[in-house]
Amino acid sequence: MRISLRRFIYLLLLAVLVFTLTSACSRNINSSVTNLKQLREDCQVVLHAMGKTCIPRHPQQVVTLWMATFRSTLALGTKPIATAWYAGDSFPEHLQDKADGVENIGFQPNLERILLLKPDLILSTTRFKNIYKQLSDIAPTVVLDNPSPPPPWQKHLEDVAQILDKEQESKQLIKDYRQRIEQLKQALGDRRLQMQVSVATVDRTYGIYTYGIKHPTGALLNDVGLQRPPAQSGDFFTKDRISQENLSDIDGDVLFLSYREEAGKKAIERLRKDPLWQKLKVVQRNRVYLVDSAHWYAFDILAMNAVIDDLFKYLVN
């Protein structure tokens, strides 16, 4: 009789165990199916330069690794939590009100700092494809193509918009840009067809360089219909290291001379002491305007709008 009772208890416990395990497995399977379904609903697969990545549909903690991507993301209505920029430098003046609270992670991205930020999306470029694996281990990472010279700002804006599901916003930004170009053309009238506008940057690394039509700023001036000096009218991106003997290449009716930070200011001060500088007709007419290369050399819609602001300021107002 004891043996039968023991056997009964054994079978009862075995039945309870089997039931418990079966229920647990069923719950796990249902949970896995639910999680997988939720994962599919909450993310979208994006093809990019390094393959494909499933990213959040509505990312909230975005880190960008190129300033053009940062500004395009901002313009589309998504504020990144951090971006790559020159270590220790403040963000460009025309972004001060928009970039408040955004962390600067340095021109060469600091992986530890990015990890601590806990991003849910990283927008990188092919410039950093060597650290793609490390970035992907931190968060879903999309690598945007960044050839040299870079693509037109409109193309980069559209690429970012597609990732963030902001295509309509992108179209509106480009439409607004075209409207501003038309407004500037009307404000300038026929003067724009005779005025030679020179654009140059003084840089401690590349010396003095000018902008061609393939550069976003050169393309903008072309959109307005402003004329360029002969040395700047070619189908090129930029021409650097213009010698002192060839300073006439930056002459014109108007010169927008850009620089960056203190090093650029000091270079301009040295340039002004050059006798050849004093011979430029634009200098003699006092039509040299100092502007910030942070937007005159940039590749995004916010920078282009800042350039248009400068053109209204100095050529119209």
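Shown above is the structure to which this text applies.
Keep in mind that this is a model prediction, so the values were computed, not measured.

Mapped onto the elements, Pro149 comes out in the loop between strand S7 (141–144) and helix H5 (153–164). Between the C-alpha atom of Pro149 and that of Lys214, which follows or precedes it by 65 residues, the distance is 8.6 Å.

What follows covers unusual backbone geometry. Omega for the bond connecting Ser148 with Pro149 falls within 30 degrees of zero, at 0 degrees, which places this linkage in the cis form. Despite not being glycine, Asp165 has its phi angle at roughly 60 degrees, a positive value. With respect to the helices and strands, Asp165 occurs in the loop between H5 and helix H6 (167–188). With phi around 55 degrees, Arg241 is a residue other than glycine that occupies positive phi space. Position of Arg241 among the secondary structure elements: in the loop between strand S10 (238–239) and strand S11 (254–259).

Right, let's talk about the packing of helix H8 (residues 216–224) against helix H13 (residues 301–316) for a bit. Running from N to C, H8 and H13 point in directions that differ by 50 degrees, and their axes come no closer than 11 Å. When the interaxial angle is binned, H8 and H13 end up oblique. Crossing of H8 against H13: the hand is right-handed. From H8, Pro216, Thr217, Leu220 and Leu221 reach across to H13, where they touch Met304, Val307, Ile308 and Leu311. Considered class by class, the residues forming the contact of H8 with H13 number seven nonpolar, one polar and no charged.

An ideal rise of 1.5 Å per residue puts 16 Å on 12 residues; helix H9 (residues 261–272) measures up with 17 Å between its terminal C-alpha atoms. Within H9, the full set of buried residues consists of Gly264, Ala267, Ile268 and Leu271. When H9 is viewed along its axis, its buried side chains cluster within an angular range of 100 degrees and face the same direction.

Turning next to the nonpolar core. Ranked by internal contacts, the top residues of the largest apolar core, which has 43 residues, are Leu220, Phe256 and Leu311. Sort the elements by how many residues they give to this core and H13 lands first, with eight residues. With 16 residues, the next largest nonpolar core counts Val202, Leu247, Ala267 and Ile268 among its residues.

Procedures and definitions
Residues numbered from 1 in each chain as written. Predicted model: local features only at pLDDT ≥ 70, side-chain atom pairs only at ≥ 80, totals over all residues. Heavy atoms only, no water. Helix = DSSP H or I, 4+ residues; strand = E, 2+ residues; numbered from the N terminus. Axes fitted to C-alpha atoms, helices over the stretch in contact; angles between N-to-C directions. Parallel < 35°, antiparallel > 145°, perpendicular 65-115°, else oblique. Left-handed = near helix turned anticlockwise from the far one by under 90°. Contact = heavy atoms within 4.5 Å. Nonpolar A, V, L, I, M, F, W, Y, C, P; charged D, E, K, R; others polar. Expected span 1.5 Å × (residues − 1). Buried < 20%, exposed > 50% of the residue type's maximum accessible area, 1.4 Å probe, protein only. Arc of directions from axis to C-beta. Core = buried A, V, L, I, M, F, W, Y, C linked by side-chain atoms within 4.5 Å.

Honestly, it's all geometry; don't read function into it.
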